[in-house]
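# Fold and contact review
Chain by chain, the residues:
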Amino acid sequence: MVKIAVIGFGNIGGGLVELVERNKQFIKKDTGKEVEIKYIVDIRDFSGHPLKKKIIKDFNIVLNDPEVSVVAEMIGGSHPAFDFSLAALKAGKHVITSNKEVVANFGEILLQAADDNNVSYLFEASVGGAIPIIRPMRESVSSDNIIFISGILNGTTNYMLTSMLKNGKTFDQSLAKARELGYAEANPSADVDGIDTCRKICILSALSYGKIYNSESVYTEGIRNISKRDTNDAEKLGVVIKLIGRTEKTEDGKVFIMVSPRMITESSPLFHVNDVFNGILISCEALGDLMFYGKGAGRIPTAGAVLADIIEVIKHIDTKQLPPSKWERADDSTLADYKSIPMVFYCRVKGDKIPDGLKEVSDEDGEISFVTERTTQEQLEKMLNGYEITSLIRFDV
Ligand code: HSE
């Protein structure tokens, strides 16, 4: 019998409890072991809840119970999630999480603690919701040279952009619906300002290049500034606008990571990724382009990814540990300056004239928009010296 403690009985924690109960027979058939959720830890009041006998407030009870071998950390936020995870690993318990904030901020410490204590720290659900992405990166892509990763990594903003662009909803209406559907973070600024996407692309970058950058050091733009004029121009150009997290190695050995809205052409597999779906395009030297697609947020899809990790741990529970993922904290000076990376830009400026040789998109209401050749932002800003830039959206090419 494998006994599990679920820490945090919110959206994903609740979904996990539901899935474990529903799939007990299947788990037994697949792993040869019975599972039981012994404790649910949450400081809130669940006195009327049907599972109230399992619900406790004190995490130390879990730590000191040798029967509990798997801890599912479903709290969210950095603290106490990190502290509880570290304590559980040090107590010889496997820890599974969907918490990208903790993985991005403290992953190297927790992975080392797992290794030191001969247990596993697994985080499949931290990136891409239901999409199996961490495991393929760990097991299948790890021997290849990754040229770049470009991903729609946030279900909330992709749902919002789709509902704003295709269904004519406002920003506030779309966000309210995404919250109602259980896609958004407790503080949805993490979604709409790109912070959540940034944590996820930093995790994928760490799995690709062995080092994790501080997400605060990565240039990050969200979707708040996308205007009707931007989307009208996108339609004219036959492209869509998506919030993209991108990582790649530069020629001088630095890592370029950026989060920003991007114009996606129809030739990209990311073009058709809509609603709450995420899409992750990994371009590899030997394997070529790989595309991962699936639901990026939501109670049951995300809990399903957590359960997949639990099942993996149970299958290996007698041999204790899975091959560990490991990374180090990177030195920020090895992060490439985003203004030095050549890109194609959609740009809008005040006035009715643009520098020669640029492809005009529209000229309305005292603003003129155009698309550049591949250039750096540094060069673009020099070229547009004296112009007031009202919109700048990069192409994902
Ligand atoms: N708020 C996140 C999203 C949840 O919308 O993608 C899944 O990480």
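Note that the structure is predicted; figures quoted are calculated from it, not measured.

### Describing helix 11 (residues 228-237)
What helix 11 keeps buried is the set Arg229, Asp230, Thr231, Asp233 and Ala234. Count one or two residues on from helix 11 and you reach Gly238, which has phi positive near 75 degrees.

### Quick word on the site of the ligand
By nearness alone, every residue bordering the ligand is listed as Lys100, Asn154, Gly155, Thr156, Tyr183, Ala184, Glu185, Asp191, Asp196, Lys200, Gly296 and Ala297. Thr156 places a polar side-chain atom, nitrogen or oxygen, 2.6 Å from an oxygen atom of the ligand. One nitrogen or oxygen atom from the side chain of Asp191 is found 2.8 Å from a nitrogen atom belonging to the ligand. Coverage of the ligand by the protein chains reaches 94% of its 250 Å² of free accessible surface. Taken atom by atom, the bulk of the ligand overlaps the largest pocket.

### Things to note about the layout of surface pockets
The space that makes up the largest pocket amounts to roughly 800 Å³. Every residue lining the largest pocket is counted, 42 residues in all, and those nearest its centre are Gly76, Lys100, Ala184, Glu185 and Ala186. Of all the secondary-structure elements, those providing two or more residues to the lining of the largest pocket are helix 1 (11-22), helix 5 (100-116), helix 7 (155-165), helix 9 (189-192) and helix 10 (195-209). When the residues that make up the lining of the largest pocket are grouped by side-chain class, the tally is 12 nonpolar, 19 polar and 11 charged. Two domains share the lining of the largest pocket, each providing at least three of its residues, namely domain 1 (2-130 + 299-327) and domain 2 (134-295).

### Describing the sheet that holds strand 1 (residues 2-7)
Strand order in the open sheet formed by 6 strands is 3-2-1-4-5-6, with parallel pairing between adjacent strands. At either margin of the open sheet sits one strand with a lone partner, and together these are strand 3 (55-56) and strand 6 (121-122). Inspection of the sheet shows strand 5 (residues 94-97) paired to strand 6 by 2 bridges, in the parallel sense. Across the sheet, Val95 pairs through a bridge with Tyr121, a residue of strand 6.

### What to know about the environment of Gly288
Of note, Gly288 is situated in strand 13 (residues 288-295). Judged by relative accessible area, which is 24%, Gly288 ranks as partly exposed. Along the sequence, Gly288 and Ile146 sit 142 residues apart, while their C-alpha atoms lie 9.3 Å from each other. Beyond its immediate sequence surroundings of up to four residues, Gly288 is in contact with Ile282 and Ser283.

### Focus: the domain arrangement of the protein
Taken as a whole, the protein is organised into domain 1 (2-130 + 299-327), domain 2 (134-295) and domain 3 (342-395). A C-alpha centroid distance of 26 Å is found between domain 1 and domain 2. With 22 residues of domain 1 at the contact, the number on the domain 2 side is 21 residues. Interface area, domain 1 with domain 2, both sides summed: about 1,900 Å², of which 57% is carbon and sulfur. Considering only the side of domain 1, the residues that lose the most area to domain 2 are Lys100, Val127 and Trp327, jointly responsible for 33% of the buried surface there. Counting across the domain 1 and domain 2 interface gives 6 salt bridges. Between Arg199 and Glu101 there is a salt bridge, with the nearest N and O atoms lying 3.6 Å from each other.

### Some remarks on the nonpolar core
Membership of the largest hydrophobic core comes to 75 residues, with the highest contact counts inside it found for Val62, Tyr121, Ile133, Ile203 and Leu204. Setting aside its immediate chain neighbours within four residues, Tyr121 contacts Leu89, Val95, Thr97, Val102, Val103, Leu110, Leu111 and Ala114. Ranked by size, the runner-up nonpolar core spans 30 residues in total, among them Val2, Val6, Ala72 and Ala303.

### Section: the packing of aromatic side chains
Enumeration over the complete set of coordinates arrives at 8 aromatic pairs. Grouped by ring-pair contacts, the aromatic residues Tyr121, Phe123 and Trp327 constitute a single cluster. The residue whose ring lies beneath Arg246 is Phe148, and the NZ or CZ to ring-centre distance is 4.1 Å.

Rules used in this analysis
Residues numbered from 1 in each chain as written. Predicted model: local features only at pLDDT ≥ 70, side-chain atom pairs only at ≥ 80, totals over all residues. Heavy atoms only, no water. Buried < 20%, exposed > 50% of the residue type's maximum accessible area, 1.4 Å probe, protein only. Helix = DSSP H or I, 4+ residues; strand = E, 2+ residues; numbered from the N terminus. Near = heavy atom within 4 Å. Polar contact = N/O pair within 3.5 Å; in protein donor to acceptor, adjacent residues only side chain to side chain. Areas by Shrake-Rupley, 256 points an atom, 1.4 Å probe, with all protein chains shown as cover. 1 Å grid on protein atoms, 1.4 Å probe; cavity = no way out; pocket = protein on both sides within 12 Å on 5 of 7 lines; lining within 4 Å. Sits in = over half its atoms within 2 Å of the grid points. Points joined across faces, edges and corners; volume = space filled by probe spheres on them. Nonpolar A, V, L, I, M, F, W, Y, C, P; charged D, E, K, R; others polar. Domains from an automatic or database assignment. Pairing = 2+ DSSP bridges. Contact = heavy atoms within 4.5 Å. Buried area = accessible area lost by both parts, 1.4 Å probe. Salt bridge = Lys/Arg side-chain N within 4 Å of Asp/Glu carboxyl O. Core = buried A, V, L, I, M, F, W, Y, C linked by side-chain atoms within 4.5 Å. Phe/Tyr/Trp six-rings, centres within 6.5 Å; stacked < 30°, edge-to-face > 60°. Lys NZ or Arg CZ within 6 Å of the ring centre and 35° of its normal.

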